[in-house]
Amino acid sequence: MKVAVILPAAGLGTRMGRPAAEKTGTSRKQFMLLDGSPILLHTIRKFVACPAVEQIVVALRREDLDWVAEMLRREGLAGTVSLVEGGDTRQQSVDNALHNLPPDTDLVAVHDAVRPFIDLATIEKVIQEAAETGAAIVGIVPVDTVKQVRRNKIHGTLPRERLILAQTPQVFRLPLLRQAFERAREDGFTATDESSLVERLEQIEVSVVLGSDRNIKITKPSDMDLARLFLEEERAAR
Ligand code: CTP
Ligand code: MG
């Protein structure tokens, strides 16, 4: 099974509240430094450590292509990691990367570049499940009760036992994911994860493997405090 990984990293990080680009590259959240390395690089290292992964494709904003390429050369990762220009939405960024995969790819794992605390065991588990079934994502059970609202009025309570919070990686057989993106393009449908696009094909049931609440998507300033704590714990565990 040849596995390729797509890391969308072309976002603006607006909720982090520091979207301006800087020459040092530490401005947008995917490039903020943790222990001296950009978050994106921490995430890349997690997948480089996974023997099943053959190729990693990172989608970036155009202005970041050159300096990130240079950083990867310095890290000795230029052969394993290739770069493509992202788009205006996460979905468009992933779609662009999908067109730049090695032709012999069997499985594609899509993972948010801003989830650097994914662990190797979970990566391997979700790849294994997708290898068997065709489609699998990482998720966790919610601890809060989730309500549906209109304005500030509650219109329903979702039974918690039947809910999963979707994380990444989300792993699919390449032809299935290509078809899902094609259909979404035709229908003008946009979603915030790949599974949504595969689900609406109604061809295959997507499996969930349970992950960890450490696999946070670094989104807002307070997430950086958590990130520093998790990083320290990771280091202590090694
Ligand atoms: N992403 C992308 N291309 C976009 C938008 C998002 O590649 N046009 C990437 C982000 O860089 C991030 C991942 O998708 O790695 C998850 O998106 P999110 O957490 O929403 O990041 P941003 O869109 O950058 O943040 P915000 O929504 O706060 O602006
Ligand atoms: Mg976003």
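Shown above is the structure to which this text applies.
Each value, and the rule that gives it
- Per chain, residue numbering runs from 1 following the sequence as it is written.
- Chains carry letters and ligands carry numbers; both start at the beginning, A for chains and 1 for ligands, and go up in the order they are written.
- Only residues with pLDDT of 70 or above have their local features reported here, since the model is predicted, and side-chain atom pairs are shown and tallied only from 80 upward, although totals for entire chains, interfaces and linings are computed over all residues.
- With hydrogens and water excluded, all non-hydrogen atoms of the structure serve as input to the side-chain values.
- Think of it this way: any DSSP run of H or I at least four residues long counts as a helix, any run of E at least two long counts as a strand, and we number them from the N terminus.
- Residue exposure (1.4 Å probe, protein chains only): buried if accessible area is under 20% of the type maximum, exposed if over 50%, otherwise partly exposed.
- Whether two residues are in contact is decided by their heavy atoms, any of which lying within 4.5 Å being enough.
- Method for areas: the Shrake-Rupley scheme with a 1.4 Å probe, in which residue coverage is limited to the protein chains shown.
- We call a set of buried Ala, Val, Leu, Ile, Met, Phe, Trp, Tyr and Cys residues a nonpolar core when their side-chain atoms join them within 4.5 Å.
- Each pair of strands is called paired provided DSSP finds at least two bridges between the two strands.
- A carboxyl oxygen of Asp or Glu within 4 Å of a side-chain nitrogen of Lys or Arg is what we treat as a salt bridge.
- Axis lines are fitted through C-alpha atoms, for helices just across the contact stretch, and the angle between N-to-C directions can take any value from 0 to 180 degrees.
- Whether a residue is near a molecule or strand depends on its heavy atoms: if one lies within 4 Å, it is near.
- In protein, a polar contact requires one atom able to donate a hydrogen and another able to accept it; more generally it is a pair of N or O atoms within 3.5 Å, and residues adjacent in sequence count only if both atoms are side-chain atoms.
- A pair of Phe, Tyr and Trp rings is counted when the ring centres sit within 6.5 Å of each other, with Trp represented by its six-membered ring. The angle between the planes then sorts it: under 30 degrees is stacked, over 60 is edge-to-face, the rest tilted.
- Cation placement over rings: the criterion is NZ of Lys or CZ of Arg within 6 Å of the ring centroid and within 35° of the ring normal.

Trainee: Which parts of the structure should I look at to understand the overall build of the protein chain?
Mentor: Within the protein chain, the regular secondary structure consists of seven helices and 11 strands. Oriented by its inertia axes, the alpha-carbon framework of the protein chain measures out at about 50 × 40 × 40 Å. Taken over 238 residues, the protein chain has a buried fraction of 47%. Here the analysis covers contacts within the protein chain between residues at least 6 apart in sequence; of these, 71% occur between residues at least 24 apart. With the model as given, the accessible surface of the protein chain reaches about 12,400 Å², and the carbon-plus-sulfur share is 49%.

Trainee: How do you make sense of the nonpolar core when you look at a structure like this?
Mentor: Looking at soluble globular proteins, one finds that nonpolar side chains tend to be buried together. Within the largest apolar cluster, 32 residues are counted, with the highest numbers of intra-cluster contacts made by Leu 7, Leu 40, Ile 44, Ile 56 and Val 58. Residue assignment for this core shows that the elements contributing at least two residues are strand S1 (3-9), helix H1 (39-48), strand S4 (53-60), helix H2 (65-74), strand S6 (107-110), helix H4 (120-133) and strand S7 (135-140). Dropping the residues within four chain positions of it, Leu 40 is found in contact with Leu 7, Ala 9, Gln 30, Phe 31, Val 58, Leu 60, Val 68 and Ala 113. Judged by nonpolar contacts, the second largest core, of 24 residues, contains Val 84, Val 94, Ala 97 and Ala 180.

Trainee: I tried to follow the pairing of S6 on my own but got confused; where do I start?
Mentor: For a regular strand, side-chain orientation follows a simple rule: the groups alternate between the two sheet faces. Along S6, one buried face is formed by Leu 107 and Ala 109 and the opposite face, lined by Val 108 and Val 110, is buried too. Here four bridges tie S1 to S6, and the two strands are oriented parallel to one another. Its bridge partner lying in S6, Ile 6 is registered against Val 110. Both S6 and strand S10 (residues 165-173) contribute to a ladder of four bridges, which runs antiparallel.

Trainee: Please clarify how the pattern of salt bridges should be interpreted in this entry.
Mentor: Two side chains that carry opposite charge are able to pair once their charged atoms sit near each other. Within this structure, the stated rule accounts for 18 salt bridges. A salt bridge links Glu 54 to Lys 2; the shortest N-O distance between them is 3.9 Å. Of the two residues, Glu 54 is situated in strand S4 and Lys 2 in the segment before S1; the sequence distance between them amounts to 52 residues. Using a relative accessible area of 45% as the deciding quantity, one classes Glu 54 as partly exposed. You can call Lys 2 partly exposed: its relative accessible area is 32%. Via salt bridges that share partners, Arg 28, Arg 61, Glu 63 and Asp 64 belong to a single interconnected network.

Trainee: Quick question: what am I supposed to make of the environment of Leu 226 here?
Mentor: Looking at the element boundaries, Leu 226 is found in helix H7 (residues 221-237). When the C-alpha positions of Leu 226 and Arg 214 are compared, they lie 9.0 Å apart, and in sequence the two are 12 residues distant.

Trainee: Is there a simple way to explain the sheet that holds strand S5 (residues 81-85) in this structure?
Mentor: Two orientations exist for strands paired in a sheet by backbone hydrogen bonds: parallel and antiparallel. One open sheet accounts for seven strands, arranged S5-S4-S1-S6-S10-S7-S11; its pairing is mixed. The outermost strands of the open sheet, each flanked by one partner alone, are S5 and strand S11 (207-210). Averaged over all adjacent pairs, the angle separating strand axes in this sheet is 25°, with direction ignored. Of the pairings in the sheet, the one linking S7 to S10 comprises five bridges and is antiparallel in character. In the strand pairing of S10, Ile 140 is matched with Leu 165. Running over the sheet, H4 touches S1, S6, S7, S10 and S11 and is turned about 50° from S10. Packing against the sheet, helix H5 (residues 174-187) makes contact with S6, S7 and S10, and its axis sits at approximately 115° to S10.

Trainee: What exactly am I supposed to notice about the site of ligand 1 here?
Mentor: Neighbouring residues of ligand 1: 19 residues in total, closest Pro 8, Gly 13, Thr 14, Arg 15 and Ser 93. In the model, a nitrogen atom of ligand 1 is placed 2.7 Å from a nitrogen or oxygen of the Ser 93 side chain. Separating an oxygen atom of ligand 1 from a backbone N or O atom of Ala 113 is a distance of 3.4 Å. When the free accessible area of ligand 1 is taken as 570 Å², the share hidden by the protein chains comes to 88%. Within the residue set of the shell around ligand 1, elements represented by two or more residues are S1 and helix H3 (90-98).

Trainee: Whenever I open this one, the packing of aromatic side chains confuses me. Can you help?
Mentor: Two aromatic rings are characterised by how far apart their centres lie and by the angle between their planes. Under the criterion given, the structure shown has two aromatic pairs. Taking 4.9 Å as the distance between ring centres and 70° as the angle between the ring planes, the aromatic pair formed by Phe 31 and Trp 67 counts as edge-to-face. Taken together, the residues span a long stretch of sequence, with Phe 31 in the loop between S1 and strand S2 (33-34) and Trp 67 in helix H2 at a distance of 36 residues. Overall, Trp 67 belongs to the partly exposed group, its relative accessible area being 22%. Each ring, one from Phe 117 and one from Phe 230, has its centre 5.6 Å from the other, and the planes form 85°; the classification is edge-to-face. Separated by 113 residues along the polypeptide, Phe 117 in the loop between S6 and H4 and Phe 230 in helix H7 bring together distant segments of the chain. Here the two residues Phe 117 and Phe 230 agree in accessibility, since each one is buried. Across the ring face of Phe 189, the terminal group of Arg 200 is positioned such that the distance to the ring centre comes to 4.1 Å.

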